Amino acid sequence: MFTDLEMKRQEAPSVAQRRVFIRTFGCQMNEYDSRRMLESLRPEYTPVSAPEDADLIILNTCSVREKAEVKVYSLAGRLKHLKRRRPDLIIAVCGCVAQQEGQRLVERMPHIDIVLGPQGIYRLREALAKVRAGEGPVVDTDIRDDFCLPSALSPEVKAVKAFVTIMQGCNNYCSYCVVPYVRGPEISRRPGEILAEIRALVSQGVREVTLLGQNVNSYGKRQPGFPTFAQLLERVAQIDGLWRLRFTTSHPKDLSPELMRAFVEIPILCEHLHLPVQSGSDRILAAMNRGYRREDYLKKVERLRELVPEIALTTDIIVGFPGEREEDFQATLDLLKEVEFDEIFSFKYSDRPFARARSFPDKVPEEVKEERLATVHNLQLEISRRRYRRLVGQEVEVLVEGRGKSDPRQWTGRTRQNTVVNFYGGQDLTGKLVKVLVEEACQHSVRGRLVGTLH
Ligand code: 5AD
Ligand code: SF4
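The notes below deal with the structure included here. What you see is a predicted model; the values in this text were computed from it and never measured.

Conventions and cut-offs
- Residues numbered from 1 in each chain as written.
- Chains lettered and ligands numbered in written order.
- Predicted model: local features only at pLDDT ≥ 70, side-chain atom pairs only at ≥ 80, totals over all residues.
- Heavy atoms only, no water.
- Pairing = 2+ DSSP bridges.
- Helix = DSSP H or I, 4+ residues; strand = E, 2+ residues; numbered from the N terminus.
- Axes fitted to C-alpha atoms, helices over the stretch in contact; angles between N-to-C directions.
- Contact = heavy atoms within 4.5 Å.
- Polar contact = N/O pair within 3.5 Å; in protein donor to acceptor, adjacent residues only side chain to side chain.
- 1 Å grid on protein atoms, 1.4 Å probe; cavity = no way out; pocket = protein on both sides within 12 Å on 5 of 7 lines; lining within 4 Å.
- Points joined across faces, edges and corners; volume = space filled by probe spheres on them.
- Nonpolar A, V, L, I, M, F, W, Y, C, P; charged D, E, K, R; others polar.
- Near = heavy atom within 4 Å.
- Areas by Shrake-Rupley, 256 points an atom, 1.4 Å probe, with all protein chains shown as cover.

### As for the sheet that holds strand β10 (residues 208–212)
Phase 1 of the analysis: Read across the open sheet, the 3 strands follow the order β7-β10-β11; overall the sheet is parallel. Because the sheet does not close on itself, it has two edges, and the strands there are β7 (161–165) and β11 (244–248). When the angles between neighbouring strand axes are averaged without regard to direction, this sheet yields 25 degrees.
Phase 2 of the analysis: Judged from the 5 bridges that link them, β7 and β10 form a sheet pairing that is parallel. What sits directly across from F163, in β10, is T210.

Have a look at this one:
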């Protein structure tokens, strides 16, 4: 006679055959974390593209906006029938919603085996071992102030571009934001670890790396002996075989002259900066606890453009923050017209758990938020189109990422300014640096024709 557990072990696939399905929501940091999870599962698990085929299903979740937890509950709920058919299936909910909900997730959904916060995901193997030993469910939402991301021993990326997290967490406490509560305090990774990981990625053919952090400008500030962020960029730029370097996100209050100069002094640093402004109104910026005024932001943009005239700027905008009046919104529109960003990401304000703005009075009605979002969106479409039109007739340098998504006869890639370029021409150009003559501006991209290969 077998016990239930032994039955499960008997039925479980052999070690070499295990399959994992992962679905990633939210930011680039989550994409990075998902890659690290998959790497930590190798060689035992191979990734598959359908949840029905998997022995382990991972949902890597985001809670930065709206009712993310509602979406996760509904998605996780839909996996219940798979578990009923295959009791040996392991279901893990990871990331920011896992951190936010913790034990509640397994109480409401007993078919979930593992709940891991953003630090806990680096302990996935231990959690799996416990579940297989019948000690589940495992909820690991510990946040430690001295957490160190483990080394990426054998990163595996087949693409031309990769993300590398250089710091975890955030200490800024913008009043609308859940991140400091779910990702914990700001901790920078050791420079040696970062460099080793990038070298390993480059040896596999990665040509472009984006360094990730909630506020990269404050890299190393709290850790004695660490380089500044600009110094780290210089070290990364020395890596042989790396052609392009980017970073995100930069907080406007900490954007230093040293970092601005890095765009001039480091040849592989691409001319693109994502600098989230959130609002153009000083009253709202103060309520958001952003630590800068509209004028400070505009001055930094002006200085940056003096130093690097070709720099592309992108930003994030929140409309309908509590107490946002018509004149505050107008100030945001004016700022968008004044700066002329290349692209923006705009969001309707939503209450988040733990965030202070949740208890602020004067919430803006949903219809007003909708209307303001549409206004911002339409204004920016016009501005972006104008900026893209300026590229028509120019030759641009494109790092080719692969075949086009909408038309597989086309190739797609990005300029150093991060503009998407689709073009016809040539044999397999993936991973190559090419010259494209821009012939047409589209809504969020440009189209052109191949005129030469650089690398
Ligand atoms: N409501 C709306 N947008 C938000 N963001 C962060 N928190 C909220 C919220 N509560 C937006 C900000 C941030 C981006 C990642 O998400 O614009 O820069
Ligand atoms: Fe959130 Fe502000 Fe930190 Fe960005 S800087 S993650 S918006 S608290």
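### Some details on the side chain of N60
Phase 1 of the analysis: Looking at the secondary structure, you find N60 in strand β3 (residues 56–61).
Phase 2 of the analysis: Beyond its immediate chain neighbours, meaning those up to four positions away, N60 contacts R23, T24, F25, N30, D33, S34, M37, C94 and G95.

### Let's talk about the side chain of S63
Phase 1 of the analysis: Examined against the element boundaries, S63 turns out to sit in the loop between β3 and α3 (68–77).
Phase 2 of the analysis: A distance of 3.4 Å separates polar atoms of two side chains, one belonging to S63 and the other to Q100.
Phase 3 of the analysis: If we ignore the near neighbours within four places in the chain, the residues touching S63 are A68, C96, V97, Q100, V178, V182 and R352.

### As for empty space enclosed by the protein
Phase 1 of the analysis: For the structure on display, the rule yields 2 cavities of 30 Å³ or more.
Phase 2 of the analysis: Approximately 80 Å³ is the volume found for the largest cavity.
Phase 3 of the analysis: Size it by volume and the second largest cavity reaches roughly 30 Å³.
Phase 4 of the analysis: In this structure, the second largest cavity is lined by E186, I187, S188, S218, G220, K221, R222 and Q223.
Phase 5 of the analysis: The residue inventory of the lining of the second largest cavity, partitioned by class, reads 1 nonpolar, 4 polar and 3 charged.

### Focus: the sheet that holds strand β12 (residues 272–274)
Phase 1 of the analysis: Ordered by their spatial adjacency, 3 strands build an open sheet running β12-β13-β14, and the pairing between neighbours is parallel. Two strands bound the open sheet, and with one partner strand each, they are β12 and β14 (343–348). Across the sheet, the axes of successive neighbouring strands diverge by a mean angle of 15 degrees, strand direction being ignored.

### Things to note about the site of ligand 1
Phase 1 of the analysis: Every residue close to ligand 1 is listed here: V64, R65, Y176, Q278, D316, I318, F347, K348, Y349, S350 and R352.
Phase 2 of the analysis: One nitrogen or oxygen atom from the main chain of Y176 is found 3.0 Å from a nitrogen atom belonging to ligand 1.
Phase 3 of the analysis: D316 places a side-chain nitrogen or oxygen 2.6 Å from an oxygen atom of ligand 1.
Phase 4 of the analysis: Computed on the free molecule, ligand 1 has an accessible area of 410 Å², of which 87% lies beneath the protein chains in the complex.
Phase 5 of the analysis: Elements supplying a minimum of two residues to the shell around ligand 1: β13 (312–319) and β14.
Phase 6 of the analysis: Looking at side-chain class alone, the shell around ligand 1 contains 5 nonpolar, 2 polar and 4 charged residues.

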